[in-house]
Amino acid sequence: MPDFQTSPGMRDILAPESARWRALNEVFAEVAGLAGYELIVPPLMEDLGVFTRIGEATDVVTKEMYDFVDKGDRHVALRPEQTASVCRAFVQHRPVTPWKAWYSGPNFRYEKPQRGRYRQFDQVGIEVLGADDPYVDVEVIQLGWEFLSRLGLQQVVLLVNSLGEPDDRARYVDALRLHFDAAGESLSEQSRMTLQKNPLRVLDSKREQDREIVAAAPTIDQFWSDDAAEHFATVQSGLRDLRVPFTLDMKLVRGLDYYRRTAFEFAGGTLDSAQNALGGGGRYDGLVEDLGGPPTPGIGFALGVDRILIACDDEGVFGAPGTAVDAFVVDTTGGREALLITAELRAAGVAADRAFENRSMKAQMKAANRSGAPVAVIVGTDELDAGTVTVRPMRGDGEQVAVARTNLVPELRQRLAAVTTQESPQ
Ligand code: HAM
């Protein structure tokens with residue numbers, strides 16, 4: 001065992017998984033960019049107070065925060081999510097509204113590590129600040145759906161709900177408290193504890209003992225104000241217009257306290273139910289104000305990259321893209337020619353790798369094979385004297401040919417184009 005390994009719940013993402021990671025981010029950047037969202041890169045660490053605004057009653061804040069006092073006596077925390085940071089950035093920079101931002105990066109929560117639940121995990125997400133229009137909600141939800149569809153996921157279920165205006169929500173919380181109090185000891189001990197802190201979260205209980213009591217609980221729609229009901233009706237009709245399939249889930253409350261009105265979740269079809277949320281989001285119209293800004297509506301979502309890739313594995317979609325170079329240069333004259341040729345190829349946009357340490361021809365050919373490159377470019381003393389290189393196909397049954405050094409780039413381009421068309425016949 002080495003002296004040091006990654007901390008619990010933290011992982012190294014190595015190739016080929018890292019290539020998939022990057023490809024996923026590229027798909028997300030494309031989907032967000034097509035809709036006019038601009039990248040924001042907030043810091044990993046903020047004043048603790050930025051995150052306590054997420055809600056004093058959420059585990060994310062009370063139990064899972066990586067917080068500490070820094071050398072300047074500031075109480076800071078590693079971000080557990082990015083919505084609060086985006087809102088803090090909005091208050092700090094006051095961009096023109098509607099402000100449409102997307103992000104991608106790691107977050108930290110001190111959770112019990114298990115499949116799909118880590119202490120450092122990545123999210124991609126978007127936030128829109130300064131627009132109350134229900135069609136913004138539709139745009140945001142549709143973009144999440146579009147992204148997951150582009151990855152090829154087909155078993156995702158979109159759950160939507162409205163948590164009403166703050167007053168509606170408060171009355172609903174009172175009604176839930178009454179309902180669950182009345183159940184007394186029939187409710188599981190854990191849920192009775194949750195009830196003290198946050199009656200809404202009791203609805204999330206998956207415990208068998210709570211099942212019937214939760215099923216009989218009042219639903220939020222009985223508490224919606226006319227405005228909240230109308231907003232939500234428009235959101236639903238917009239989703240239907242865009243043919244985004246969704247399921248109404250009146251018990252969907254989400255884990256963070258800041259949600260108002262629209263809330264939604266993308267549930268994976270293949271993960272354990274405790275980890276099956278691939279992502280989610282909703283409106284958080286009070287958060288900017290809580291962070292010292294003007295009253296500003298906001299909505300967004302975040303999707304868990306780690307969980308999405310597990311779901312992709314389970315569904316057999318979005319495999320790792322190839323990372324092989326285009327050409328592997330084998331140099332038996334000492335290594336300088338490989339230095340020159342790889343530099344020339346790379347400058348021309350041809351991905352090239354080589355061996356080092358003046359290994360034998362056999363060892364270099366083995367490395368060329370392992371690299372997955374479709375062609376090897378070989379230089380020995382004969383080639384060097386003649387001003388040529390040997391281009392040898394590493395796959396298929398093509399012949400190796402001698403090519404003038406000056407003609408190497410066009411020759412390789414032609415060969416690589418032929419390889420690409422063979423691999424994708426359209
Ligand atoms: P969240 O539901 O806390 O929402 O997290 C969103 C997603 O991040 C989860 O559905 C899950 O896929 C992933 N995730 C959360 N915790 C972990 C973990 N420990 N390990 C692996 N993946 C995890 C938010 O973070 C809100 N900021 C979403 C939002 C944006 N609401 C409005 N705008």
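First, a word on what this report is: a plain description of the structure on this page. (Residues numbered from 1 in each chain as written. Predicted model: local features only at pLDDT ≥ 70, side-chain atom pairs only at ≥ 80, totals over all residues. Heavy atoms only, no water.)

## Comments concerning the site of the ligand
To be explicit about the condition: We call a residue near a given molecule or strand whenever any one of its heavy atoms falls within 4 Å of it. The term polar contact refers here to a pair of N or O atoms within 3.5 Å; inside protein, the definition further demands a hydrogen-donor-capable atom paired with an acceptor-capable atom, and it admits residues adjacent in sequence only when both atoms are side-chain atoms. The method behind every accessible area is Shrake-Rupley, applied with a 1.4 Å probe, and residues are considered shielded solely by the protein chains displayed. For the purposes of this entry, the term helix denotes a DSSP run of H or I that reaches at least four residues, the term strand denotes a run of E that reaches at least two, and both are numbered from the N terminus. Lys, Arg, Asp and Glu make up the charged group, whereas Ala, Val, Leu, Ile, Met, Phe, Trp, Tyr, Cys and Pro make up the nonpolar group; the residues left over, Gly among them, are polar.
Around the ligand, a shell composed of 27 residues is seen, among which Glu81, Thr83, Glu111, Arg254 and Tyr259 lie nearest. Note that a nitrogen atom of the ligand is positioned 3.4 Å from one of the backbone N or O atoms of Phe301. Notes on the ligand: free accessible area 650 Å², of which the protein chains cover 96%. Taken together, the elements giving at least two residues each to the shell around the ligand come down to strand E6 (120-129), strand E10 (277-283) and strand E11 (298-304). Looking at the shell around the ligand, its residues break down into 11 nonpolar, nine polar and seven charged.

## Details of the pairing of strand E5 (residues 99-108)
Let me state the cut-off plainly: Relative accessibility under 20% of the residue-type maximum defines a buried residue, over 50% an exposed one, and the middle range a partly exposed one, all with a 1.4 Å probe and only protein chains included. We treat two strands as partners when DSSP finds at least two bridges between them.
With respect to burial, E5 is a largely interior element, seven of its 10 residues being buried. For E5 and E6, the ladder comprises 10 bridges, and the chain directions are antiparallel. The partner of Phe108 across the bridge, within E6, is Gln120.

## Topic: a positive patch on the surface
Definition in use: A residue counts toward a patch only above 30% relative accessible area and without a salt bridge, and it is joined to like-charged neighbours within 9 Å or, for Val, Leu, Ile, Met, Phe, Trp and Tyr, to nonpolar neighbours within 5 Å. We define a salt bridge as a contact between a side-chain nitrogen of Lys or Arg and a carboxyl oxygen of Asp or Glu at a distance within 4 Å. Charge assignment in this entry is limited to Lys and Arg as positive and Asp and Glu as negative, and neither His nor the chain termini are counted. By convention, the charge on Lys lies at NZ, on Arg at CZ, on Asp at CG and on Glu at CD.
Side chains of Arg359, Lys362, Lys366 and Arg370 sit close together on the surface and give a patch of like positive charge. For Lys366, the position within the fold is in helix H14 (residues 361-371). Overall, Lys366 belongs to the exposed group, its relative accessible area being 58%.

## Concerning the side chain of Arg254
Our working definition: Any two residues whose heavy atoms approach within 4.5 Å at even a single point are treated as in contact.
Among the secondary structure elements, Arg254 is positioned in the loop between strand E8 (247-248) and strand E9 (260-267). A distance of 3.2 Å separates a polar atom in the side chain of Arg254 from a polar atom in the side chain of Tyr259. In terms of polar contacts, Arg254 uses its side chain to reach the side chain of Glu265, at 2.7 Å. When residues no more than four places from it in sequence are discounted, the contact partners of Arg254 are Arg201, Tyr259, Ala263, Phe264, Glu265, Gly280 and Gly281.

## Examining the pattern of salt bridges
Scanning the model with the defined rule gives 26 salt bridges in all. In this structure, the salt-bridge partner of Arg22 is Glu26, at a minimum N-O distance of 3.3 Å. Of this pair, Arg22 and Glu26 both sit in helix H1 (residues 17-34), four residues apart, which is roughly one turn of that helix. Residue Arg22 is classed as exposed on the basis of its relative accessible area, which comes to 59%. When its relative accessible area of 47% is taken as the criterion, Glu26 is described as partly exposed. Between Glu337 and Arg336 there is a salt bridge; the shortest N-O distance is 3.7 Å. We classify Arg336 as exposed; its relative accessible area is 55%. Each of Asp132, Asp137, Arg261, Arg283 and Asp285 takes part in a single network of salt bridges with overlapping partners.

## Describing the environment of Leu291
Residue position: Leu291 is located in the loop between helix H11 (287-290) and E11. By relative accessible area, Leu291 is classed as buried at 17%.

## Examining the nonpolar core
For the record, the criterion: Each nonpolar core is a collection of buried residues, namely Ala, Val, Leu, Ile, Met, Phe, Trp, Tyr and Cys, held together in the definition by side-chain atoms within 4.5 Å.
Among the nonpolar cores identified, the biggest contains 94 residues, and Phe147, Phe180 and Ile308 are the most heavily contacted of them. Contacts of Phe147, omitting those with residues within four sequence positions, involve Leu24, Val27, Phe28, Val31, Val124, Leu303 and Ile308. Ala338, Ala352, Val379 and Val409 belong to the second-largest nonpolar core, a separate cluster that totals 17 residues.

## Examining a nonpolar patch on the surface
A cluster of nonpolar residues, Leu44, Met45 and Phe68, forms a patch on the protein surface that exposes about 250 Å² of accessible area. Residue placement: Leu44 occurs in the loop between strand E1 (38-39) and strand E2 (45-47).

## Some remarks on the packing of helix H5 (residues 134-151) against helix H10 (residues 226-241)
This is how it is decided: Geometry is summarised by axes, namely lines fitted to C-alpha atoms with helices restricted to the contacting stretch, and by angles between N-to-C directions that run from 0 to 180 degrees. Note on angle classes: values under 35 degrees are labelled roughly parallel, values over 145 roughly antiparallel, values of 65 to 115 roughly perpendicular, and the remainder oblique. In a left-handed crossing the near helix is turned counterclockwise from the far helix by less than a right angle, and in a right-handed crossing that turn is clockwise.
One way to put it is that H5 packs onto H10 with a least axis distance of 8 Å and a crossing angle of 40 degrees. When the interaxial angle is binned, H5 and H10 end up oblique. Crossing handedness for the pair H5 and H10: right-handed. Here Pro134, Tyr135, Asp137, Val138 and Ile141 of H5 come into contact with H10, specifically with His231, Thr234, Val235, Gly238 and Leu239. A class-by-class count of the residues in the contact of H5 with H10 yields six nonpolar, three polar and one charged.

## Quick look at the packing of H1 against H5
Where H1 meets H5, the axes come as close as 10 Å, and the angle between the chain directions of the two elements is 140 degrees. When the axis of H1 is compared with that of H5, the two are oblique. Seen along the crossing, H1 lies across H5 with a hand that is right-handed. Of the residues in H5, those touching H1 at Leu24, Val27, Phe28, Glu30, Val31 and Leu34 are Leu143, Glu146, Phe147, Arg150 and Leu151. In terms of residue class, the contact of H1 with H5 is built from eight nonpolar, no polar and three charged.

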